[in-house]
Amino acid sequence: MSLLRLARGLTLGLVLVASAATADDSVARIDKYLGSLRTLHADFVQVVRDREGQITSRATGTLSIARPDRFRWDYRQPYVQTIVADGRKLWLYDSDLEQVTVRTLEAGLGSTPAMLLSGSGKVGDSFAAGAVESDGGWTWCRLQPKSTATDFERVSLAFDARGELAAMELFDKLGQSTQIDFGNVRRNVALDARLFRFVPPKGADVIGQVTP
């Protein structure tokens, strides 16, 4: 074998190894962050764009997480909506419709971004590793759901220079993207257990089985 061919072979091998390490690193980085996460509370700004990149909606609210399997998303503007996972069931309350939808946690989540942040399993169990990319001081860790049943084709988490959660980005199968930027992030603080309990408001229509 010529030295030139050997050099090319070694270069290709190093490129393949580097690519594999980079891909694996996206899962490893997220697992490391979530492994030390017990609770999280943050404000959020959610922006949805169509496949042409035009903004179709913008919402703000707060997020609370208590791992495993408990979280609460409170949308405040421009509409009021609450999503609560209590460890067994997933509740979605639409204030405008005065309607509550309830389902088992497993049926309601699956390989979803909510499960990624609050679930008890390893990231690699449900997501395949993608690239790790730097952009404007944030480090984006790209993931791809292993299940074809999910509505999302790609999911990414961004971490700031301190290693704190900064954003989440989702791409669905219709080409629509959703970016959620987090602010005032407080990690591993005491959270009231009542945040993760939901009682349907009086008079609201309930769809689904409330009792076990």
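Parameters and conventions
- Within each chain, residues carry numbers counting from 1 in the order of the written sequence.
- At least 70 in pLDDT is required for a residue's local features to be given in this predicted model, at least 80 for side-chain atom pairs to be given and counted, and no such filter applies to totals for whole chains, interfaces and linings, which use all residues.
- The side-chain quantities take in all heavy atoms of the structure and omit both hydrogens and water.
- The way it works is that DSSP assigns letters per residue, a run of H or I at least four long becomes a helix, a run of E at least two long becomes a strand, and they are numbered from the N terminus.
- Residue burial is assigned from relative accessible area. The probe radius is 1.4 Å, only protein chains are included, and a residue is buried under 20% of its type maximum, exposed over 50%, and partly exposed in between.
- In this analysis, two residues are considered to be in contact whenever any of their non-hydrogen atoms come within 4.5 Å of each other.
- Residue-level accessible areas treat just the shown protein chains as cover; the underlying method is Shrake-Rupley with a 1.4 Å probe.
- For the purposes of these results, a polar contact is taken to be a pair of N or O atoms within 3.5 Å, where, inside protein, one atom must be able to donate a hydrogen and its partner to accept one; residues adjacent in sequence count only when each atom of the pair is a side-chain atom.
- For this analysis, a salt bridge means a side-chain nitrogen from Lys or Arg found within 4 Å of a carboxyl oxygen belonging to Asp or Glu.
- By convention a nonpolar core is built from buried Ala, Val, Leu, Ile, Met, Phe, Trp, Tyr and Cys residues, the set being connected through side-chain atoms within 4.5 Å.
- DSSP calls a pair of strands paired once it identifies at least 2 bridges connecting them.

A. The arrangement of the overall build of the protein chain in detail. Along the protein chain, the regular secondary structure elements total four helices and 12 strands. Here the protein chain holds 212 residues, and 39% of them are scored as buried. When contacts within the protein chain are restricted to residue pairs at least 6 apart in sequence, those whose partners lie at least 24 apart make up 47%. As displayed, the protein chain offers around 12,100 Å² of accessible surface, 52% of which is attributable to carbon and sulfur atoms.

B. Quick look at the side chain of Asp160. Among the secondary structure elements, Asp160 is positioned in the loop between strand S9 (152–159) and strand S10 (165–172). You can call Asp160 buried: its relative accessible area is 19%. Here Glu164 takes part through its backbone nitrogen, which lies 2.9 Å from a polar atom of the side chain of Asp160. Non-local contacts of Asp160, meaning those with residues more than four positions away in its chain, are made with Gly137, Trp138 and Ala166.

C. Representation of the pattern of salt bridges in the model. Applying the stated rule across the entire model yields eight salt bridges. Of the charged contacts in the structure, one is a salt bridge between Asp74 and Arg76, with a shortest N-O distance of 3.9 Å. Assessed through its relative accessible area of 45%, Arg76 is described here as partly exposed. Arg142 is paired through a salt bridge with Glu133; the nearest N and O atoms lie 2.9 Å apart. When salt bridges with common partners are traced through the structure, they connect Arg72, Asp74 and Arg76 into a single cluster.

D. Local environment of the nonpolar core. Residues Ile30, Trp73, Leu116 and Phe182 are the most contacted members of the largest nonpolar core, which totals 34 residues. Not counting chain neighbours up to four residues away, the residues in contact with Ile30 comprise Leu116, Val123, Cys141, Leu143, Leu157 and Phe159. In terms of nonpolar packing, the next biggest core, distinct from the first, is built from seven residues, Val84, Trp91, Tyr93 and Val100 among them.

E. Examining the pairing of S10 more closely. The buried fraction of S10 is high, at seven of eight residues. Note: S9 against S10, seven bridges, orientation antiparallel. When the sheet's bridge partners are listed, Phe159 is paired in S10 with Leu165. When S10 meets strand S11 (residues 177–187), the two strands line up antiparallel, connected through five bridges.

F. Representation of the side chain of Asp172 within the structure. Within the fold, Asp172 resides in strand S10. Within the local environment of Asp172, its side chain forms a polar contact with the backbone nitrogen of Gly175, the two atoms lying 3.1 Å apart. Only 2.8 Å separates the side chain of Asp172 from the backbone nitrogen of Gln176, close enough to count as a polar contact. Excluding its chain neighbours within four sequence positions, the residues that come into contact with Asp172 are Asp151, Phe152 and Glu153.

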